[in-house]
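Coordinate analysis (summary)
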Amino acid sequence: DVKVTQSSRYLVKRTGEKVFLECVQDMDHENMFWYRQDPGLGLRLIYFSYDVKMKEKGDIPEGYSVSREKKERFSLILESASTNQTSMYLCASSYGDRSGGAQYFGPGTRLLVL
Amino acid sequence: AQSVTQLDSQVPVFEEAPVELRCNYSSSVSVYLFWYVQYPNQGLQLLLKYLSGSTLVKGINGFEAEFNKSQTSFHLRKPSVHISDTAEYFCAVSDRVTGGGNKLTFGTGTQLKVEL
């Protein structure tokens, strides 16, 4: 079974702090994704990566950056956390051209910025 | 560009009754289609996927979905629901042209509430 893990289930940070969210997958997937999920807005793609050191902006990249130094690990960075970044953050991974792009999700990190 | 419409934001149903969650998509090219389920405070779990072949796809937990190309629909069904099926369900589409290995477009979700 595919396993995607996220470093924290719950996180509380203060405005202005630098925040790191870590995601690790164990299936040698080429693609990795970061989403945020908010009530009434569904899932919104922040960034994705289709290879090591490669990244592309999603629909809402402002205020975020990412890092992919190893194939299995994809980090989301909030350079200076703000209260409007309080949300549920979901990481996902997928094969490049197999399984039709089916994505496998981690359990999520619920971030509260005070 | 693709889009996914889940017509119902909430669907209440009694236990052991059948249920259908509706999904329509819009795309200028052929697509792959998916249904995911999300239980409270958890990530999304893949229920089933349509890649090619038979238009009736069976998934986990007794769910199935039917791909209808002429109506651009991919409705999810279960003949008899259980309390444990209470969750949010998301329909998603991936563009075949890009190899399907890239981005998914998600619907806004349907909250299924199963009542006794």
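One can find the structure itself at the top, above this paragraph.
My aim in this report is to walk through the structure given alongside it, one point at a time. Bear in mind that the values here come from a model prediction, so they are computed numbers and not experimental data.

Next up on the list: the nonpolar core. Counting residues in each nonpolar core, the largest one holds 28 residues, and the members touching the most others are B:Trp35, B:Leu48, B:Leu76 and B:Tyr89. Of all the elements in the fold, those that place two or more residues in this core are strand S2 (10–14), strand S3 (19–21), strand S5 (31–38), strand S6 (44–50), strand S8 (64–68), strand S9 (73–78), strand S10 (87–95) and strand S12 (110–115) of chain B. Apart from the residues within four sequence positions on either side, B:Tyr89 is in contact with B:Gln6, B:Leu21, B:Trp35, B:Tyr36, B:Val37, B:Leu47, B:Phe63, B:Leu76, B:Gly109, B:Thr110 and B:Leu112. Formed by 20 residues, the second largest nonpolar core is a distinct cluster that contains A:Val4, A:Leu11, A:Met32 and A:Ile60.

It is worth spelling out the state of the cysteines at this point. In a disulfide, the sulfur atoms of two cysteines are held together by a covalent bond. If you walk through the whole model with that rule in mind, you get 2 disulfides over all chains. Between the sulfur of A:Cys23 and that of A:Cys91 lies a disulfide, 1.9 Å long from S to S. For the disulfide bridge between A:Cys23 and A:Cys91, the dihedral angle about the S-S bond is near -75°, and by the sign convention the bridge is left-handed. Remark: A:Cys91 occurs in strand S9 (residues 87–94) and A:Cys23 occurs in strand S3 (residues 19–25); sequence separation between them is 68 residues. Taken as a pair, A:Cys23 and A:Cys91 share a single burial class, namely buried. Two residues, B:Cys23 and B:Cys91, share a disulfide whose sulfurs are 2.0 Å apart. Measuring handedness by torsion sign, the sulfur bridge of B:Cys23 and B:Cys91 sits at about -65° and is left-handed. Placement of B:Cys23 in the loop between S3 and strand S4 (24–26) and of B:Cys91 in strand S10 is noted, with a sequence separation of 68 residues between them.

Turning to the interface of chain A and chain B, a few remarks are in order. Contact with chain A, which involves 25 residues of that partner, is made by 21 residues of chain B. Summing both partners gives a buried area of about 1700 Å² for chain A against chain B, and 54% of it is carried by carbon and sulfur. It is A:Leu43, A:Gly100 and A:Phe105 that lose the most area in chain A upon contact with chain B, and together they represent 25% of the buried surface on that side. One can count 5 residue pairs in polar contact (both at pLDDT 80 or more) joining chain A with chain B.

All right, on to the pattern of salt bridges then. Tallying each qualifying case throughout the model produces 11 salt bridges over all chains. Salt-bridge contacts for A:Glu22 lead to A:Arg73; the nearest nitrogen and oxygen are separated by 3.6 Å. Of the two residues, A:Glu22 sits in strand S3 while A:Arg73 sits in strand S8 (residues 73–78), which places them 51 residues apart along the sequence. Note on A:Glu22: relative accessible area 23%, which makes it partly exposed. With its nearest N and O atoms 2.8 Å apart, the salt bridge here joins B:Glu20 to B:Arg77. You can see B:Glu20 sitting in strand S3 and its partner B:Arg77 sitting in strand S9, a full 57 residues away along the chain. By relative accessible area, which is 35% here, B:Glu20 ends up partly exposed. Because the salt bridges share partners, they merge into one network encompassing A:Arg36, A:Asp38 and A:Arg44.

On to the sheet that holds S8(A). Residues and elements named next belong to chain A. If you trace the 4 strands from one edge of the open sheet to the other, you get S1-S3-S8-S7, paired in antiparallel fashion. Pairing within the sheet leaves two strands with one partner each, and these edge strands are strand S1 (4–6) and strand S7 (64–70). The average undirected angle you get between the axes of adjacent strands in this sheet is 20°. Pairing between S3 and S8: 6 bridges, direction antiparallel.

Residues and elements named next belong to chain A. Looking at the secondary structure, you find Ser93 in strand S9. Overall, the relative accessible area of 0% leaves Ser93 in the buried class. One polar contact links Ser93 to His29, side chain to side chain, over a distance of 2.7 Å. Apart from the residues within four sequence positions on either side, Ser93 is in contact with Val4, Gln25, His29, Asn31, Met32, Phe33, Ala102, Gln103 and Tyr104.

Residue placement: A:Met27 occurs in the loop between S3 and strand S4 (31–38). Taking the C-alpha atoms as reference, A:Met27 lies 7.1 Å from A:Lys3; in sequence the two are 24 residues apart.

Bringing the pairing of S7(A) into the picture now. Residues and elements named next belong to chain A. In this sheet, S8 lies alongside S7 in antiparallel orientation, the contact comprising 5 bridges. Looking across to S8, one finds that Val66 is bridged to Leu76. Counting the residues between successive antiparallel strands, the hairpin from S7 to S8 contains 2 residues.

About the criteria used
- Residues numbered from 1 in each chain as written.
- Chains lettered and ligands numbered in written order.
- Predicted model: local features only at pLDDT ≥ 70, side-chain atom pairs only at ≥ 80, totals over all residues.
- Heavy atoms only, no water.
- Core = buried A, V, L, I, M, F, W, Y, C linked by side-chain atoms within 4.5 Å.
- Buried < 20%, exposed > 50% of the residue type's maximum accessible area, 1.4 Å probe, protein only.
- Helix = DSSP H or I, 4+ residues; strand = E, 2+ residues; numbered from the N terminus.
- Contact = heavy atoms within 4.5 Å.
- Disulfide = S-S within 2.5 Å.
- Buried area = accessible area lost by both parts, 1.4 Å probe.
- Polar contact = N/O pair within 3.5 Å; in protein donor to acceptor, adjacent residues only side chain to side chain.
- Salt bridge = Lys/Arg side-chain N within 4 Å of Asp/Glu carboxyl O.
- Pairing = 2+ DSSP bridges.
- Axes fitted to C-alpha atoms, helices over the stretch in contact; angles between N-to-C directions.

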